[in-house]
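The primary structure of each chain is shown beneath.
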Amino acid sequence: MTQTQEPARSRTFSWSDPVAGAAHVGRRSGLELLRAMIAGELAAPPIMHLIDMARMEADEGRVAVELVPQEFHYNPLGTVHGGVISTLLDTAAGCAVHTTLPAGIGYTSLDLNVKFLRPVTVASGMLRCEGTVVQRGRRTALAEARLTDAQHRLIAHATSTCLFLPLDTPT
């Protein structure tokens, strides 16, 4: 896309090698892995830097992530793009499932069903997205995520089904 408006705004960000972090997947439980990322022992995945997620909390079956909406999140309508909102919901729901997994087991999302309830702008303030595991079986788990704004209003809601996968981990 060609920039036709002046003055142009810019943004620069950096990230760590995602392969180095991925090498730890399967060697620790999901909760241990996420807590190592939160503590800075392992690098956060690049997507967190790309959309500028601010903070993460993780407990068994629950994850929360935060993001301050910025102009670079906007769509042509002047609101935060639904893909950014969906990414927050997917992260919180999927990582909540991840916290329940033992070492050697991974997961993949089978679906993500999102309901957008309110528009988001920079005036919305800090967004908080909390994901929780609703039901966990032997092969799948159902999780939900709720995104609220600084006034604690519900912005969006999602459900996600995740499939568990055995991981090949070197010994």
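Since we're looking at a predicted model, the values are computed, not measured.

With respect to the helices and strands, Ala39 occurs in the loop between α2 (30-38) and α3 (46-51). Classification of Ala39 as exposed rests on a relative accessible area of 54%. Put simply, Ala39 and Thr87 are 48 residues apart on the chain and 22 Å apart in space, counted from C-alpha to C-alpha.

One open sheet accounts for six strands, arranged β1-β2-β4-β5-β6-β3; its pairing is antiparallel. Only two strands of the sheet have a single partner each, and these edge strands are β1 (53-59) and β3 (105-116). Direction aside, neighbouring strands of the sheet carry axes that sit 20° apart on average. Here β1 runs beside strand β2 (residues 62-67); their pairing, made up of six bridges, is antiparallel. If you follow Asp59 over to β2, its bridge partner there is Arg62. Relative to the sheet, α2 contacts β1 and β2, its axis offset from that of β1 by approximately 145°.

Within this structure, the stated rule accounts for one aromatic pair. Relative to Trp15, the ring of Phe13 has its centre 5.4 Å away and its plane inclined at 40°; by these criteria the two rings are tilted. On the basis of relative accessible area, Phe13 is assigned to the partly exposed category, the value being 31%. The aromatic ring of Phe72 is capped on one face by Arg11, whose charged end is 3.8 Å from the ring centroid.

Core analysis: the largest hydrophobic core is formed by 33 residues, its most contacted members being Val65, Leu88, Leu89, Cys129 and Leu147. Secondary-structure elements contributing two or more residues to this core are α2, α3, β1, β2, α4 (82-98), β4 (127-136), β5 (140-148) and β6 (154-166). When residues of this core are assigned to their parent elements, the largest contribution, eight residues, is made by α4. Setting aside residues up to four positions removed in sequence, Val65 forms contacts with Met53, Arg55, Met56, Leu88, Thr91, Ala92, Leu127, Arg128 and Cys129.

What follows is about α2. Residues of α2 that are buried: Gly30, Leu31, Leu33, Leu34 and Ala36. Its buried side turned inward, α2 meets β1, β2 and α4. Downstream of α2 by a residue or two, Gly40 has a phi angle that is positive, lying close to 85°.

Strand direction decides the pairing type here: β3 and β6, joined by eleven bridges, are antiparallel. Bridging from a neighbouring strand, Val114 pairs with Ala158 of β6. The pairing of β5 with β6 spans nine bridges and is antiparallel. Its bridge partner lying in β6, Ala145 is registered against Ala158. Counting the residues in the hairpin turn of β5 and β6 gives five residues, including His152, whose phi is positive at 65°.

Structurally, Asp149 is set in the loop between β5 and β6. For Asp149, a relative accessible area of 3% translates into the label buried. In terms of polar contacts, Asp149 uses its side chain to reach the side chain of Arg153, at 2.7 Å.

Let us look at a nonpolar patch on the surface. Residues Phe13, Trp15, Ile47 and Leu50 make up a contiguous nonpolar surface patch of about 370 Å² in total accessible area. Classification of Leu50 by relative accessible area gives partly exposed; the value is 42%.

The subject of this paragraph is the side chain of Thr148. Mapping Thr148 onto the fold places it in strand β5. Residues in contact with Thr148, not counting those within four places in the same chain, are Met126, Leu127, Arg128, Arg153, Leu154 and Ile155.

Analysis parameters
- Residues numbered from 1 in each chain as written.
- Predicted model: local features only at pLDDT ≥ 70, side-chain atom pairs only at ≥ 80, totals over all residues.
- Heavy atoms only, no water.
- Helix = DSSP H or I, 4+ residues; strand = E, 2+ residues; numbered from the N terminus.
- Buried < 20%, exposed > 50% of the residue type's maximum accessible area, 1.4 Å probe, protein only.
- Pairing = 2+ DSSP bridges.
- Axes fitted to C-alpha atoms, helices over the stretch in contact; angles between N-to-C directions.
- Contact = heavy atoms within 4.5 Å.
- Phe/Tyr/Trp six-rings, centres within 6.5 Å; stacked < 30°, edge-to-face > 60°.
- Lys NZ or Arg CZ within 6 Å of the ring centre and 35° of its normal.
- Core = buried A, V, L, I, M, F, W, Y, C linked by side-chain atoms within 4.5 Å.
- Polar contact = N/O pair within 3.5 Å; in protein donor to acceptor, adjacent residues only side chain to side chain.
- Patch = residues over 30% accessible without salt bridge, like charges linked within 9 Å, V, L, I, M, F, W, Y side chains within 5 Å.
- Areas by Shrake-Rupley, 256 points an atom, 1.4 Å probe, with all protein chains shown as cover.
- Salt bridge = Lys/Arg side-chain N within 4 Å of Asp/Glu carboxyl O.

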